[in-house]
Amino acid sequence: MQSLLTKLCLAASLAVGGFSAASLPCVSQLPAIHLPITTTASLTELDSYFERIVRRPNGDFLVTQLAADAELWLLRGAGTPHARLSSLHNFTESTGLVGIAAVGHDSYIVTAQRFSSFAVPEPNTTVIWEVQFPRPDSDRVRLRKVADVPAAGVLNGIVTLPQDPTIALFGDSYRGQVLRLDVATGKYEVVLETPELSGAPGPALSIGVNGLQIYDGYLYLSNTAKIAFYRIAIDRDGYPRRGARVETLATIPGISGLDDFTFDKRGNIWGVAPFENQAFVLYKKGPGSGARREYRTVQFVAGGLNSSAIPGPTAYAWGAGDSSHLLYVTATGGEVAPINGTYTEPAKVAAIDTRAFFRG
């Protein structure tokens, strides 16, 4: 098995996002596979952009739209021929929605913001809202403003604590910070700010920390500009453990950026390459790897540079029940990086059938 691996250790002379590649772990790459992808539902207008997705207890999904409207969408019937998207709420005082996470039974927080142009935030416009369904079959939601965050850059990824979902951690992509929010009181604070969270150096805005997930006592983070995954040990209250340091897991070869990610039941990381229209897996345990070699093997598993199956993938959510083998992925339609430089389409949600992956 080891002979099939293509070793891709970055040369020491290369710099990635301000870090010497000599300090980054070597990553082994398995040959690509092509899992089946089907479109679940899509919008009808171009210049749209889906950013995040979360599954509801009843199996429906909520999807945030970053551009051209701050729209929250409800996806019903996923996994059936009758899947459809319907608008749940338009946050008219904002121009884009970013992160979303569950904070209780059928209750969610979402970040809304005004942007002067694509991904360029207007100062003092970040608002965190709570969205709550009164009934599982309701088409209306209750809204509550949780907090204004005037100093925020862009609050991108959100994750809530497993033992207390009313405590949320946010990744600020432009300030290179992790914020901790008490959803009940609206009080927030910066709990982590390190070079691993920042974007690339220079005068232009650069997206740093993006997706956040909590797994087995660690906060995991993706960094778009550095094309890398990191983690840090946290306590039960969501603070970094005393003396804990940010650990570099891997820099993903052959792509030009990262977005959100998720874990599977084996602890593997499923990531997206938004500019290459691909999904990949960063294995927790690759071939021949021991405990000290976690997250050192990557494999591209779906999509492709010239494929429109998942153009501009941004985030994931697993299906449930009979659809638990389906990994739903939001896609921008190639708005940022058109396929072949010209092709774009409306934003959509697609489903990756992972059964062949787990049989392998």
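Residues numbered from 1 in each chain as written. Predicted model: local features only at pLDDT ≥ 70, side-chain atom pairs only at ≥ 80, totals over all residues. Heavy atoms only, no water.

With that out of the way, let us pick up the packing of aromatic side chains. With the rule as written, the count across this model stands at 18 aromatic pairs. For the pair Tyr 108 and Phe 133, a centre-to-centre distance of 6.3 Å together with 90 degrees between the ring planes defines the contact as edge-to-face. Linking Tyr 108 in strand S11 (residues 107-113) with Phe 133 in the loop between strand S14 (127-132) and strand S15 (142-148), this pair joins segments that are 25 residues apart in sequence. Accessibility expressed as a relative area gives 1% for Tyr 108, which makes it buried. Taken together, a centroid distance of 5.1 Å and an interplanar angle of 90 degrees make the contact between Phe 357 and Phe 358 edge-to-face. According to the relative accessible area criterion, Phe 358 is buried, its value standing at 17%. Here a set of aromatic residues connected by ring pairs shows up, and it is made of Tyr 215, Tyr 218, Tyr 220, Phe 229, Phe 261, Phe 263, Phe 280, Tyr 295 and Phe 300. The ring of Phe 133 carries the charged tip of Arg 56 above its face, separated from the ring centre by 3.6 Å. (Phe/Tyr/Trp six-rings, centres within 6.5 Å; stacked < 30°, edge-to-face > 60°. Helix = DSSP H or I, 4+ residues; strand = E, 2+ residues; numbered from the N terminus. Buried < 20%, exposed > 50% of the residue type's maximum accessible area, 1.4 Å probe, protein only. Lys NZ or Arg CZ within 6 Å of the ring centre and 35° of its normal.)

With that out of the way, let us pick up the sheet that holds strand S17 (residues 164-172). Ordered by their spatial adjacency, four strands build an open sheet running S16-S17-S18-S19, and the pairing between neighbours is antiparallel. Edge positions in the sheet fall to strand S16 (155-161) and strand S19 (188-192), since each of these pairs with one other strand and no more. The sheet shows a mean angle of 30 degrees between the axes of neighbouring strands, direction not considered. Looking at chain direction, S17 and strand S18 (residues 177-182) are connected through six bridges and run antiparallel. Paired with Phe 170 across the strands is Leu 179, a residue of S18. (Pairing = 2+ DSSP bridges. Axes fitted to C-alpha atoms, helices over the stretch in contact; angles between N-to-C directions.)

A separate point is the pairing of S16. Summarising burial for S16: seven of the seven residues are buried, a large majority. Bridge analysis of S16 against S17 gives five bridges, and the strand direction is antiparallel. Note on S17: the bridge partner recorded for Leu 161 is Asp 164. In textbook terms, the turn of a hairpin is the stretch between consecutive antiparallel strands, and for S16 and S17 this stretch comprises two residues.

Honestly, it's all geometry; don't read function into it.
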